[in-house]
Amino acid sequence: MPTLTIRRPDDWHLHLRDGRMLCAVLPETARHFVRALVMPNLVPPVVTGAQARAYRRRILAALPKDMMFEPLMTLYLTETTDPDDMAAAFADGLIHAVKLYPAGATTNSASGVRDMARIRPVLERMARIGLPLCLHGEVTTPEVDIFDRERVFIDTVLAPLCRDLPELKVTLEHITTADGIAYVTEATGHIAGTITPHHLMLNRTHLLAGGIRPHYYCLPVAKRAEHQMALRRAAISSNPRFFLGTDSAPHTDAAKESSCGCAGCFTAPVALSCLAHVFEAHGALDRLEGFAARFGPAHYGLTPNLATITLERRDAPVTYPDTLETGVGPVTLFNPGHPLYWRVV
Ligand code: NCD
Ligand code: ZN
């Protein structure tokens, strides 16, 4: 049976939630990933160093005793973020990034940023101390078509930001467009982009043709096939600016399968199977380690993991349960709709 052994990966964009949902989903990540950059969009959001410290404790308390996992905490940037509190949390080694959500862009982003001018002092401080900024890269202007929101964000927010603060370390998260790939490839400065397994596997036809598939709905929404192919080319390119952030974002089936369903795909359990599938399809399995385990730590100033993980290619399709029970309702696992053959051993 063909096998692939790589350094153990990290997940540079993960939603762990809280309470019973946290307890249910955390082992699904800890089983395969050593570290993850934990998103702060709880309700209420993780805004202060004290809140990040308390959330980190709850995550570690939820971790099964026989598992190892290091949560890398983030703060949720608001227009009233205290730069001193933020800088102290970074100096303590508690937080590894600050997350900017444009207000209203996605799940639990109501406290996000409306006016970039108001966070300018915080961003200048981040640039000075080397604290990375993570971006949900979509404008929320109602007039801008939802399929254009990433492209317009790049033109109207990201490019001016990188021009004005060239020292700032920036991650354009969950890139979904060829425009995003081109910008990150060509920009000068400390910029990187994360790519999700589901955006490598889906385009908007999968989401909408032959019936609407709520479990494929996430933000930024999947785009045309030509954009999906640009993401694939970037992921397999060995350009260290592109690396894995799963954006695994669990919601209960009741919240997804609704007349106004939540955005988010729960990919953590299947992420490595999906990635190996895509990289194999492009004859690029030798490049999976860079994407999943080396380029992310380099961007965030950490060393890659020493431990390894082995995947094997089965002759018969690998099966996963349809749902994960969480105590607050079932959560459907991401299923690309075709067989997967690689699994972690
Ligand atoms: C995320 C969530 O559910 O928290 N949803 C999503 O569709 N990706 C939020 C986010 O990262 O946009
Ligand atoms: Zn996310």
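Data block above holds the structure.
Predicted, not measured: the structure shown is a model, and the values here were computed from it.

Most often, soluble globular proteins have nonpolar side chains that are buried together. Formed by 101 residues in total, the largest nonpolar core has its most connected members in L16, I95 and L158. In this view, I95 contacts A52, M73, T74, L75, M86, A89, F90 and L131; residues no more than four positions away in its chain are not counted. In this structure, W12, L37, A97 and F295 belong to the second largest nonpolar core, which totals 12 residues.

Let us look at the sheet that holds strand β7 (residues 170-172). Either a parallel or an antiparallel arrangement is found when strands of a sheet pair, and the pairing is made through backbone hydrogen bonds. Spatially, the 8 strands line up as an open sheet ordered β2-β3-β4-β5-β6-β7-β8-β9, and their pairing is parallel. One side of each edge strand has no neighbouring strand; the edge strands of this open sheet are β2 (11-14) and β9 (242-244). Pairs of neighbouring strands in the sheet enclose a mean axial angle of 30°, with direction left out of account. Its contacts with the sheet put helix α2 (residues 49-62) on β3 (35-38), β4 (70-76) and β5 (95-100), and the angle it makes with β4 is roughly 150°.

Surrounding the zinc ion (ligand 2) are the protein donor atoms H13 (NE2), H15 (NE2) and D247 (OD), which sit 2.0 Å from the metal. Viewed at the metal, the 4 donor atoms of the zinc ion (ligand 2) are separated by angles of 93 to 131°, and the geometry they form is tetrahedral.

What follows is about the site of ligand 1. N41, T106, L219, D247 and H251 are the nearest of the 15 residues found near ligand 1. Within the contact set of ligand 1, an oxygen atom lies 2.8 Å away from a side-chain nitrogen or oxygen of R17. In the environment of ligand 1, an oxygen atom lies 2.8 Å from a nitrogen or oxygen atom belonging to the side chain of N41. Calculation on ligand 1 without its partners gives an accessible area of 320 Å², and the protein chains cover 100% of this total.

Turning to the sheet that holds strand β13 (residues 342-344), a few remarks are in order. The antiparallel open sheet is built from 3 strands, whose spatial order is β1-β10-β13. The open sheet has two edge strands with one neighbour each: β1 (3-7) and β13. The average angle at which neighbouring strand axes cross in this sheet is 25°, direction not considered.

Close approach of charged atoms allows side chains of opposite charge to pair. Summed over the entire model, instances satisfying the criterion amount to 15 salt bridges. In this structure, the salt-bridge partner of R151 is D148, at a minimum N-O distance of 3.7 Å. When its relative accessible area of 33% is taken as the criterion, R151 is described as partly exposed. The residue R294 makes a salt bridge to E289 at a minimum N-O spacing of 3.2 Å. You can call R294 partly exposed: its relative accessible area is 35%. Sharing partners across several salt bridges, the network here consists of R120, E124, R163 and D164.

Here we take up unusual backbone geometry. Here the bond from V43 into P44 is cis, since omega is -5°, no more than 30 degrees from zero. Its place among the elements puts P44 in the loop between β3 and α2. Note that the residue after L219, namely P220, is joined by a cis bond; omega there is -10°. Structurally, P220 can be placed in the loop between α8 (204-208) and α9 (225-235). Even without glycine at this site, H174 takes up a positive phi of about 35°. Looking at where H174 falls in the secondary structure, it is placed in the loop between β7 and α6 (178-186).

The next subject is the packing of helix α5 (residues 149-164) against α6. Between α5 and α6, the shortest axis-to-axis distance is 9 Å and the interhelical angle comes to 20°. Between α5 and α6, the interaxial angle falls into the category roughly parallel. The handedness of the crossing between α5 and α6 is right-handed. Contacts between α5 and α6 involve E150, R151, I154, L158, A159 and C162 from the former and D179, G180 and Y183 from the latter. Class assignment for the residues of the contact of α5 with α6 results in 5 nonpolar, 1 polar and 3 charged.

The next subject is the state of the cysteines. Tallied over the full model, the rule gives 0 disulfides. C262 takes part in no disulfide bond, and the closest cysteine sulfur, belonging to C260, lies 7.6 Å away.

Secondary-structure assignment places A307 in the loop between α12 (288-299) and β10 (308-313). On the accessibility criterion, A307 (41% relative accessible area) is partly exposed. For the pair A307 and R7, spaced 300 residues apart in sequence, the C-alpha to C-alpha distance is 5.9 Å.

Analysis parameters
- Numbering of residues starts from 1 in each chain and follows the order in which that chain's sequence is written.
- As they are written, the chains are lettered A onward and the ligands numbered 1 onward, keeping that order.
- Reporting of local features is limited, given that this is a predicted model, to residues whose pLDDT is at least 70; pairs of side-chain atoms are given and counted only at 80 or more, and all residues count toward the totals for whole chains, interfaces and linings.
- Side-chain numbers come from the whole structure's heavy atoms, not from hydrogens or water.
- Buried Ala, Val, Leu, Ile, Met, Phe, Trp, Tyr and Cys residues that are joined via side-chain atoms within 4.5 Å together make up what is termed a nonpolar core.
- With a 1.4 Å probe rolled over the protein chains alone, any residue whose accessible area is under 20% of its type maximum counts as buried; one over 50% counts as exposed, and the rest are partly exposed.
- In this analysis, two residues are considered to be in contact whenever any of their non-hydrogen atoms come within 4.5 Å of each other.
- By the convention used here, strands pair only if DSSP detects at least 2 bridges between them.
- Strands here are runs of E lasting at least two residues and helices are runs of H or I lasting at least four, both read from the DSSP assignment and numbered beginning at the N terminus.
- Note on method: axes are straight lines fitted to C-alpha atoms, helices fitted across the in-contact stretch only, with angles between N-to-C directions ranging 0 to 180 degrees.
- Distances decide who is a donor: an N, O or S atom must be within 2.8 Å of the metal, or within 3.2 Å for Na, K and Ca. Water is not included, so sites may look incomplete.
- Each label reflects the angles at the metal, where four donors whose angles all fall between 85 and 135 degrees are tetrahedral, four or six donors whose opposite pairs open beyond 155 degrees and whose other angles stay between 65 and 115 are square planar or octahedral respectively, and the rest are irregular.
- Definition of nearness: a residue and a molecule or strand are near each other if at least one heavy atom of the residue lies within 4 Å of the molecule or strand.
- Two N or O atoms count as a polar contact when they lie within 3.5 Å, although within protein this holds only if one can serve as hydrogen donor and the other as acceptor, and sequence-adjacent residues are included solely when both atoms are side-chain atoms.
- Computed with the Shrake-Rupley method and a 1.4 Å probe, the accessible areas treat only the protein chains shown as cover for residues.
- The working definition used for a salt bridge is a side-chain nitrogen of Lys or Arg within 4 Å of a carboxyl oxygen of Asp or Glu.
- Angles below 35 degrees are treated as roughly parallel, those above 145 as roughly antiparallel, those between 65 and 115 as roughly perpendicular, and all remaining angles as oblique.
- In this scheme the crossing of two helices becomes right-handed for a clockwise turn of the near helix relative to the far one and left-handed for an anticlockwise turn of less than a right angle.
- Polar here means any residue outside two lists: the nonpolar Ala, Val, Leu, Ile, Met, Phe, Trp, Tyr, Cys and Pro, and the charged Asp, Glu, Lys and Arg; Gly therefore counts as polar.
- The disulfide criterion is simple: two cysteine sulfur atoms within 2.5 Å.

These values are about where atoms sit, not about what they do.
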